Amino acid sequence: MRRSITRATTAAVALAATPTAFLAPSIASAQAAPGAGTAAVRVTPADAAKWWHHATIYEIYPRSFQDSNGDGVGDLNGITSRLDYLKSLGLDAIWITPFFKSPNADFGYDVSDYTAIDPQYGTMADWDRLVAEAKKRGIRVLVDLVVNHSSSEHPWFKESRSSRTNPKADWYVWKDGTPDTPPTNWRSIFGGPTWTWDPTRKQWYYHIFLSKQPDLNWRSPGLRKAMFGVVRFWLEHGAAGFRLDATPYLFEDTSWPQDPDPGSEPVWLKPYNAQLPGTNEVLREMRKIVDSYPGDPILLGESSTRSIEQLRAVYGKNKDEIHLPMNFLVGNISKLDAAEFKRRYDEAATKLDGLTPVEFFSNHDQTRQWTEFGDGTNNDLIAKMTAALTLLNPGTALLYYGEEIGMGDMDKAELAKAPLGPNRPQADARDRARTPMQWSAAPQAGFTSGTPWLPVDSRYRTRNVAAQESNKGSLLNWYRDLVKWRNVDPTFRTGRYVPLESGDAGVFAFARENANGTGAIVMANTGTGVVTVKPTGWTGAAPVFGASVCASGKWGGGLTLAAKDTCIVRYRR
Ligand code: GLC
């Protein structure tokens, strides 16, 4: 499975060394070949020890990516059929959200068999083929592992709830009480109490999410062994690692304190329900297993935290827990706010002890960045800005399917009309960000030949992959260029992050700088007017600025940029 990044051919080394990279940046050549995707050649700097230090990982919601059999639900074979497109984006890995057997109370995040593929998504043979074909294209495949809870339909839970003495009696979190009063007043993340009464055991069981998602008890040695078995199973079946779902919640405070203000936000980060110490030990053990497999598999964590200090802790005191905890401090930013960008990216670069930050804006649980940040007039420019922030910052970047063409959330009214049925048993407000991938202007956007499980967003006729392929200035080709710079340009691969003051409250600026003093300044103008930036913050000689590339395609010269534009200006000293 290991992706070879050791193919540092002469050409790549020459790119790293050439001083002309200053005035004729690789950006220029990337633009000259829009849509060409990432060249096979990658720069392999000495400190790019592991593939995941500089990776671009693309999240796929399999229900919505590509249907191959006309049942209206995307599937593994559909993903396989789109691998050439994924390769053209220059990706290192894809993360596929759960495709295991599931009654779909929470679309796959309620797992009823961790080692079986739900027939809606395909078979084990389909999985093997996907992994093999992805490998041929240099793409790793990550499995989404739901470690905090299973489905209430999982045979483990059925056995556990059957009596207080069965072999799996302690695999879930059970607590005595009377049927009228839950043991604590804690709130579930999805609303309502975190406890459900079980009439057979005459006990309560704990669930931080739906009552159909009982929490697994990581204090139970039997459960631990079984879940670690699942980890080994997927590693042995070609997974390049895991996106770990809901890791903060593996343990609860078993002194079961009452909360004086249970509804206060965020209910998902209470001292009694999140980040309890036992979590570190479990993750260390899991990390050891993962590290014992060849090909550098990884743990990518859904690690919601309140602060950068808490995020630092998720990597492990000895850097031996989660390889890549997602930075929700950036991911949760909801306004185009230069000061907030500066605060969050600066701290990620300077307060994580050099560990790899993981930056993103969109995923299957939250509003897409197109909708979150778009102002209705400059959405494409703004989308290019958020892409540049994610992709030109140090560390690993996560993209969510469709963001590269500017897919937005489905309008509320349109979503309200979306029918329910066997393929969509219940409405979920998050479905607004899960509409089918918009491949072309063909019926159903080329997603399915049948009736899609969720309607295609009505904007697909003009906003689709095919329409943007041939347009040099499209958002899609901007993404490709940025990923290409990440992959082949030392400045964006390993250049250090230099926090800067832009001199204008509406402009966020930072630099990436190589050891030899060359680098690039990235400037994002969130404001409404033309601005000339006067950046400060360098130590040593003042930089001499050179060529620039702007999201608008219109560079006015120097460090001047238009409203909502993002410019990348090369420099040397
Ligand atoms: C994670 C998933 C989300 C799911 C929840 C419960 O937050 O990203 O989609 O609903 O876990 O499994």
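Residues numbered from 1 in each chain as written. Predicted model: local features only at pLDDT ≥ 70, side-chain atom pairs only at ≥ 80, totals over all residues. Heavy atoms only, no water.

**A closer look at the confidence of the model for the chain**
Stage number 1. When the pLDDT values of the chain are averaged, the result is 91; 92% of them are 70 or greater.
Stage number 2. Of the regions scoring below 50 in pLDDT, residues 1-47 engages in 91 contacts with residues more than four places distant in sequence or in other chains. (pLDDT = per-residue confidence, 0-100. Contact = heavy atoms within 4.5 Å.)

**Side note on the packing of aromatic side chains**
Stage number 1. Tallying each qualifying case throughout the model produces 42 aromatic pairs.
Stage number 2. Centre to centre, the rings of Phe 99 and Trp 234 are 5.8 Å apart; their planes meet at 85°, and the pair counts as edge-to-face. Taken together, the residues Phe 99 in the loop between strand S2 (93-96) and strand S3 (100-101) and Trp 234 in helix H7 (residues 221-236) connect sequence positions 135 residues apart.
Stage number 3. A relative accessible area of 0% places Phe 99 in the buried class.
Stage number 4. Judged by its relative accessible area of 0%, Trp 234 is buried.
Stage number 5. Ring plane angle 50° and centroid distance 6.4 Å describe the contact between Tyr 206 and Trp 256, whose orientation is recorded as tilted. Taken as a pair, Tyr 206 in strand S8 (residues 203-206) and Trp 256 in the loop between strand S9 (241-245) and helix H8 (278-291) lie far apart in primary sequence, 50 residues in all. Note on accessibility: Tyr 206 and Trp 256 belong to one class, buried.
Stage number 6. Chaining the aromatic ring pairs together yields one cluster made of Phe 341, Tyr 345, Phe 361, Phe 373, Tyr 497, Phe 508 and Phe 510.
Stage number 7. Across the ring face of Trp 453, the terminal group of Arg 63 is positioned such that the distance to the ring centre comes to 4.9 Å. (Phe/Tyr/Trp six-rings, centres within 6.5 Å; stacked < 30°, edge-to-face > 60°. Helix = DSSP H or I, 4+ residues; strand = E, 2+ residues; numbered from the N terminus. Buried < 20%, exposed > 50% of the residue type's maximum accessible area, 1.4 Å probe, protein only. Lys NZ or Arg CZ within 6 Å of the ring centre and 35° of its normal.)

**Re the site of the ligand**
Stage number 1. Looking at the ligand, the residues that line it are Asp 106, Tyr 109, His 149, Phe 190, Phe 209, Gln 213, Arg 243, Asp 245, Glu 302, His 364, Asp 365 and Arg 430.
Stage number 2. In the environment of the ligand, an oxygen atom lies 2.5 Å from a nitrogen or oxygen atom belonging to the side chain of Asp 106.
Stage number 3. Between an oxygen atom of the ligand and a side-chain N or O atom of His 149, the distance comes to 2.8 Å.
Stage number 4. The protein chains hide 96% of the 310 Å² of surface that the ligand would expose on its own.
Stage number 5. Partitioned by chemical class, the residues of the shell around the ligand number 3 nonpolar, 3 polar and 6 charged. (Near = heavy atom within 4 Å. Polar contact = N/O pair within 3.5 Å; in protein donor to acceptor, adjacent residues only side chain to side chain. Areas by Shrake-Rupley, 256 points an atom, 1.4 Å probe, with all protein chains shown as cover. Nonpolar A, V, L, I, M, F, W, Y, C, P; charged D, E, K, R; others polar.)

**Some details on the packing of H7 against H8**
Stage number 1. Taken N-terminus to C-terminus, the directions of H7 and H8 make an angle of 30°; their axes are 10 Å apart at the nearest point. On the basis of the axis angle, H7 is roughly parallel to H8. When you trace H7 past H8, the crossing you get is right-handed. Contact residues: Arg 224, Phe 228, Val 231, Arg 232 and Leu 235 in H7; Glu 281, Val 282, Glu 285, Met 286, Ile 289 and Val 290 in H8.
Stage number 2. Residues that form the contact of H7 with H8 fall into these classes: 7 nonpolar, no polar and 4 charged. (Axes fitted to C-alpha atoms, helices over the stretch in contact; angles between N-to-C directions. Parallel < 35°, antiparallel > 145°, perpendicular 65-115°, else oblique. Left-handed = near helix turned anticlockwise from the far one by under 90°.)

**Side note on the packing of helix H13 (residues 379-392) against helix H16 (residues 475-488)**
Stage number 1. Look at H13 against H16: their axes get within 10 Å of each other, and the N-to-C directions meet at 15°. Classified by the angle their axes make, H13 and H16 are roughly parallel. Remark: the crossing between H13 and H16 carries right-handed chirality. Here H13 contributes Asp 380, Ala 383, Lys 384, Ala 387, Ala 388, Thr 390, Leu 391 and Leu 392 to the contact with H16, which in turn contributes Leu 475, Trp 478, Tyr 479, Leu 482, Val 483, Trp 485 and Arg 486.

**Describing the state of the cysteines**
Stage number 1. Applying the stated rule across the entire model yields 1 disulfide.
Stage number 2. The disulfide that involves Cys 550 links it to Cys 567, with 2.1 Å between the sulfurs. The disulfide joining Cys 550 to Cys 567 has a torsion of about 110° about its S-S bond and is therefore right-handed. Of the two residues, Cys 550 sits in strand S18 (residues 544-550) while Cys 567 sits in strand S20 (residues 566-572), which places them 17 residues apart along the sequence. Each member of the pair Cys 550 and Cys 567 is classed as buried. (Disulfide = S-S within 2.5 Å.)

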